[in-house]
Amino acid sequence: VKTSEAMHAPEILAQFDSATVWRVRFNLPSDRPSEYRWNGEIYPVAGDLRGDLRIAFVSCNGEEIGDLEREGSERNAMWRGCVRRTRRNLSHCCCMGAIRSMPMKSRRAIL
């Protein structure tokens, strides 16, 4: 991971047949927006914590159960809207509920 300050090495926390869990520890400023880079992608961070905080909550509310056969573009319309709003105005914190019911393939497809 690269920040404006330095490169930070990842460490493996766990390995499974189909996934690896990585951790990278680094600091970012808390008085202004910033970003970090990982694997060629840039991740903006809403780091200005001095005023009101924007907290987002997303959940499928169980809609994914029994709904995997529906057309992906229809199923993921609300998720895409959430991604668009987040890109326009980053939240300081995003709490997610019931994401476990969405297959990993679907999560990747909407981002």
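Further up the page is the structure itself.
The following paragraphs examine the structure supplied in this document.

Conventions used here
Residues numbered from 1 in each chain as written. Predicted model: local features only at pLDDT ≥ 70, side-chain atom pairs only at ≥ 80, totals over all residues. Heavy atoms only, no water. Buried < 20%, exposed > 50% of the residue type's maximum accessible area, 1.4 Å probe, protein only. Helix = DSSP H or I, 4+ residues; strand = E, 2+ residues; numbered from the N terminus. Pairing = 2+ DSSP bridges. Salt bridge = Lys/Arg side-chain N within 4 Å of Asp/Glu carboxyl O. Phe/Tyr/Trp six-rings, centres within 6.5 Å; stacked < 30°, edge-to-face > 60°. Expected span 1.5 Å × (residues − 1). Contact = heavy atoms within 4.5 Å.

What follows concerns the pairing of strand β5 (residues 55–59). Alternating residues of β5 divide into Ala 56 and Val 58, all buried, and Ile 55, Phe 57 and Ser 59, none buried. As defined by bridge partners, β5 adjoins strand β6 (residues 93–97) across 5 bridges and the pair is classed as parallel. Residue pairing across strands places Phe 57 opposite Cys 95, the latter belonging to β6.

Before going further, it helps to spend a moment on the pattern of salt bridges. By the definition in use, this model includes 4 salt bridges. Of the charged contacts, one joins Arg 37 and Glu 35 as a salt bridge, the two residues approaching to 3.3 Å between their closest N and O atoms.

Glancing now at the packing of aromatic side chains. With the rule as written, the count across this model stands at 2 aromatic pairs. With a centroid separation of 5.2 Å and 55° between ring planes, the pair formed by Phe 26 and Tyr 36 is classed as tilted. One end of the pair, Phe 26, is in the loop between β2 (20–23) and β3 (34–38); the other, Tyr 36, is in strand β3, with 10 residues separating them in the sequence. Accessibility expressed as a relative area gives 25% for Phe 26, which makes it partly exposed. Ring geometry for Tyr 36 and Tyr 43: centres 5.2 Å apart, planes at 20°, overall stacked. For Tyr 36, a relative accessible area of 23% corresponds to the partly exposed category. Taken together through their ring pairs, the aromatic side chains of Phe 26, Tyr 36 and Tyr 43 make up a single cluster.

Tracing the backbone through its elements, the reader meets Ser 59 in strand β5. On a C-alpha basis, the gap between Ser 59 and Cys 95 in space is 8.6 Å, while along the polypeptide they are 36 residues apart.

Here we come to helix α2 (residues 77–88). Look at α2: 17 Å from first C-alpha to last across 12 residues, which is about the 16 Å you get at 1.5 Å a residue. Of all the residues in α2, the buried ones are Trp 79, Gly 81, Cys 82 and Val 83.

This part is about the side chain of Ser 34. Locating Ser 34 in the fold gives a position in strand β3. Setting aside chain neighbours within four positions, we find Ser 34 in contact with Leu 28, Pro 29, Tyr 43, Pro 44 and Val 45.

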